[in-house]
Structure formats: structure tokens, C-alpha cells
Amino acid sequence: MKLDVGIGGLDPNKADIFLDLDHVLFRVGNDGREGFILAHRLRLGWCFGTIWTDTKHERSWNVASAMPLTLTPSILCACGEHGFVRNGKWVPA
Ligand SMILES: [Zn+2]
């Protein structure tokens with residue numbers, strides 16, 4: 001599913017969940033109840049997108065497991081980055 005993009009200004013070093021060295025998540029809302037912001041590393045800087053997990057949003061992901069985190073379906077960033085969050089890790093698609 002495609003990410004909404006355009007969120008920046010977050011420090012990936014202070015993320016809530018480190019999926020790997022190049023992919024991190026920030027929780028949105030109360031303990032991530034609303035979703036996450038994914039930040040992934042580009043050649044220069046980071047790319048950001050939102051992953052909604054509540055039903056208020058037109059597109060939302062399913063939290064198959066909260067700990068370790070597994071989301072479905074896959075995540076497709078506007079920049080072309082595509083992968084899965086499985087067992088708290090980023091898995092390239
Ligand atoms: Zn991206």
C-alpha cells in the first residue's frame with residue numbers, strides 16, 4: 001500500500017522502533033494506536049511516510065502483531081522503496 005509522504009523534521013536517531021539501520025518507525029498517537037511514521041534512509045537524508053493503523057483513514061494497515069511488530073499488507077513508498085514490517089524488522093519486497 002502506498003505511503004502518504006511529506007512528513008519531515010523527525011530525528012531518525014530518536015525513533016521508537018529500529019527495524020534495521022536504514023528503516024525506523026515513530027509511533028503516532030497513544031502508543032502507536034493511530035499508526036506510525038516510517039523513516040527510511042536515502043543516499044542523502046531520509047524519506048518519511050505515514051502508516052495509519054486506525055480506521056479513521058481511507059487507507060490503513062493491519063497490525064497482525066504488536067510485539068514484535070508485524071504489519072500487513074506491504075509498504076510502498078512514493079520513492080519506490082517497497083517492503084514489509086515483519087517481526088519488528090524491515091523485509092525488502
Ligand atoms: Zn521513500
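Heads up: the structure comes first, above all this text.
Here's a quick rundown of the structure. (Residues numbered from 1 in each chain as written. Predicted model: local features only at pLDDT ≥ 70, side-chain atom pairs only at ≥ 80, totals over all residues.)

1. Concerning the overall build of the chain
To keep it simple, the criterion reads: Strands here are runs of E lasting at least two residues and helices are runs of H or I lasting at least four, both read from the DSSP assignment and numbered beginning at the N terminus. With C-beta atoms placed from the backbone, a residue is labelled by how many other C-beta atoms lie within 10 Å of its own: buried for 20 or more, exposed for 12 or fewer, partly exposed between the two.
Across its full length, the chain holds zero helices and ten strands. Mapped from its N terminus to its C terminus, the chain presents α and β elements in the order β-β-β-β-β-β-β-β-β-β. The burial tally for the chain puts 23% of its 93 residues in the buried class.

2. Considering the environment of Ala64
This is how it is decided: Here, residues touch in the contact sense if the C-beta positions derived from the backbone fall within 7 Å of one another.
Note that Ala64 resides in strand 6 (residues 62–66). In this structure Ala64 comes out as exposed when scored by C-beta crowding, with 12 C-beta atoms within 10 Å. For the pair Ala64 and Asn87, spaced 23 residues apart in sequence, the C-alpha to C-alpha distance is 9.7 Å. Residue contacts for Ala64: discarding those within four places in its chain leaves Thr70, Leu71 and Thr72.

3. Brief notes about the pairing of strand 7 (residues 69–72)
To be explicit about the condition: Between any two strands, at least two bridges found by DSSP are needed for them to pair.
With four bridges joining them, strand 6 and strand 7 adopt antiparallel strand pairing. The partner of Val63 across the bridge, within strand 7, is Leu71. The loop that links strand 6 with its antiparallel partner strand 7 comprises two residues.

4. Re the nonpolar core
As a reminder of what qualifies: We define the nonpolar core as any set of buried residues of the types Ala, Val, Leu, Ile, Met, Phe, Trp, Tyr and Cys, connected via C-beta atoms lying within 7 Å of each other.
Ranked by internal contacts, the top residues of the largest apolar core, which has 15 residues, are Leu25, Phe36, Ile37, Leu38 and Ile51. Of all the secondary structure elements, the ones that give two or more residues to this core are strand 3 (23–28), strand 4 (35–41) and strand 5 (46–52). Ranked by residues supplied to this core, first place goes to strand 4 with four residues. Setting aside chain neighbours within four positions, we find Phe36 in contact with Leu25, Phe26, Arg27, Val28 and Ile51.

5. Notes on the environment of Phe26
Tracing the chain through its elements places Phe26 in strand 3. Spatially, the C-alpha atoms of Phe26 and Asp16 are 5.0 Å apart, while their sequence positions differ by ten residues. Those residues in contact with Phe26 that sit more than four places away from it in its chain are Leu10, Ala15, Asp16, Phe36 and Ile37.

6. A short note on the pairing of strand 4
Here strand 4 lies mainly inside the structure; six of its seven residues are buried. Of the strand pairs in this sheet, strand 3 and strand 4 are connected by six bridges, and their pairing is antiparallel. Residue pairing in the sheet places Arg27 in a bridge with Phe36 of strand 4. In this structure, strand 4 lies alongside strand 5, joined through seven bridges in antiparallel fashion. Among the inter-strand pairings, Ile37 is bridged to a residue of strand 5, identified as Thr50.

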